[in-house]
Amino acid sequence: MTTRLHGIGMTSSRTRLRMIDRLRAQGIKDEVVLAAMYEVPRHLFVDEAMASRAYDDVSLPINYEQTISQPYIVARMTELLRTASRHPVKRVLEIGTGCGYQTSVLARLFPEIYSVERIAPLYERARRKLRDLKIHNVSVRYADGSAGLPEAAPFDGIIMTAAAPEISAVLKEQLAVGGCMVLPVGRQEQWLYLVERDAYGYRESRLEPVKFVPLLMGKA
Ligand code: SAH
């Protein structure tokens, strides 16, 4: 599958290690997350014309006005999911499958992933990609994820990869006690938020400025 790209070195361990070193320098500490990101072939999730930039720390277009998130934010959000949760994370909901890259990183770390995508061709492509990569612990759904996925709730972790104007009460309710949600919030100015649920309620922390595509609401 990767032989042609191997020839020009894009899948070389050196290229990927450079990305991992950069993530470390940017403050990612969780070695388990770093190992997963080393292993997932990011270049296979972007158009061939852009494959040479796949390991740079940039977001790249995946058509339909959507993007594959930059490696740093994928690492950061995944690290938060792993470390902020009070018990081992088993079941994770991702809202915004996109090309399926973040999904694939999650699939290496957690046993059961549900991922919701609202744009049909992206949903189809991501499903095919995950199947080609033999990733079998992900259930991809074509739906509006702003309502979460009540039939599979509660989740130990929820990650949203598009920005909503505010933190949704519906999603908070789908968190298991002890679980956490990581999401970008805001319109022009966006912040990464961590929402933790315990037996007494929710704690919301505003972490750092981010830039995501807006969450699309309503029927596709
Ligand atoms: N995690 C992705 C990032 C994709 S960009 C990756 O690694 O590539 C955000 C994605 O969220 C887009 O694919 C967009 O179509 C999707 N999206 C936006 N609003 C949505 C909604 N209401 N429900 C589900 N997906 C949504």
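Below you will find a few notes about this structure. Computed from a predicted structure; not experimentally measured.

**A closer look at the pairing of strand 3 (residues 91-95)**
Where a strand is regular, its side chains alternate between the two sheet faces. Extensive coverage of strand 3 is indicated by the burial of four of its five residues. Pairing analysis gives five bridges linking strand 3 to strand 4 (residues 112-117), with the strands arranged parallel. Residue pairing across strands places Arg 91 opposite Glu 112, the latter belonging to strand 4. Handedness of the crossover joining strand 3 and strand 4 through helix 5 (residues 101-109): right-handed.

**Section: the packing of aromatic side chains**
Within this structure, the stated rule accounts for three aromatic pairs. On the numbers, 5.7 Å between centres and 70° between planes, the contact of Phe 45 with Tyr 101 is edge-to-face. Within this pair, whereas Phe 45 is found in the loop between helix 3 (31-39) and strand 1 (60-61), its partner Tyr 101 is found in helix 5, the two being separated by 56 residues in sequence. Residue Phe 45 is classed as buried on the basis of its relative accessible area, which comes to 4%. Seen in terms of ring centroids, Tyr 114 and Phe 155 are 6.0 Å apart; in terms of plane orientation they differ by 65°. Their pairing is edge-to-face. Separated by 41 residues along the polypeptide, Tyr 114 in strand 4 and Phe 155 in strand 6 (residues 155-160) bring together distant segments of the chain. Judged by relative accessible area, which is 13%, Tyr 114 ranks as buried. Over the ring of Tyr 101 we find Arg 42; its NZ or CZ atom is 4.8 Å from the centre of that ring. A cation over an aromatic ring shows up here: Arg 206 above the ring of Trp 191, its NZ or CZ 3.5 Å from the ring centre.

**Overview of the side chain of Ser 146**
Topologically, Ser 146 is positioned in the loop between strand 5 (138-142) and strand 6. Ser 146 gets classed as buried once you look at its relative accessible area, which sits at 18%. Here the side chain of Ser 146 touches Asp 144 through a polar contact of 2.7 Å, side chain to side chain. Contact partners of Ser 146, with chain neighbours within four places excluded, come to Ser 168, Leu 171, Leu 215 and Met 217.

**Description of the layout of surface pockets**
Computed from the structure, the largest pocket encloses a volume of approximately 580 Å³. Of all elements in the fold, only strand 2 (67-68), helix 4 (71-84), strand 3, helix 5, strand 4 and strand 9 (201-210) reach the threshold of two or more residues within the lining of the largest pocket.

**A few points about the site of the ligand**
Among the 25 residues in the neighbourhood of the ligand, the closest are listed as Cys 99, Glu 117, Asp 144, Gly 145 and Leu 216. In this structure, a nitrogen atom belonging to the ligand sits 2.7 Å away from a main-chain N or O atom of Gly 145. Leu 216 is positioned such that a nitrogen or oxygen atom in its backbone is 2.5 Å from a nitrogen atom of the ligand. Protein contact buries 100% of the 580 Å² of open area that the ligand shows by itself. In this structure, the ligand is accommodated by the largest pocket. Broken down by secondary-structure element, the contributors of at least two residues to the shell around the ligand are strand 2, helix 5 and strand 4. Broken down by class, the residue content of the shell around the ligand amounts to eleven nonpolar, ten polar and four charged.

Parameters at a glance
- Residues numbered from 1 in each chain as written.
- Predicted model: local features only at pLDDT ≥ 70, side-chain atom pairs only at ≥ 80, totals over all residues.
- Heavy atoms only, no water.
- Buried < 20%, exposed > 50% of the residue type's maximum accessible area, 1.4 Å probe, protein only.
- Helix = DSSP H or I, 4+ residues; strand = E, 2+ residues; numbered from the N terminus.
- Pairing = 2+ DSSP bridges.
- Right-handed = clockwise from strand over helix to strand, strands pointing away.
- Phe/Tyr/Trp six-rings, centres within 6.5 Å; stacked < 30°, edge-to-face > 60°.
- Lys NZ or Arg CZ within 6 Å of the ring centre and 35° of its normal.
- Polar contact = N/O pair within 3.5 Å; in protein donor to acceptor, adjacent residues only side chain to side chain.
- Contact = heavy atoms within 4.5 Å.
- 1 Å grid on protein atoms, 1.4 Å probe; cavity = no way out; pocket = protein on both sides within 12 Å on 5 of 7 lines; lining within 4 Å.
- Points joined across faces, edges and corners; volume = space filled by probe spheres on them.
- Near = heavy atom within 4 Å.
- Areas by Shrake-Rupley, 256 points an atom, 1.4 Å probe, with all protein chains shown as cover.
- Sits in = over half its atoms within 2 Å of the grid points.
- Nonpolar A, V, L, I, M, F, W, Y, C, P; charged D, E, K, R; others polar.

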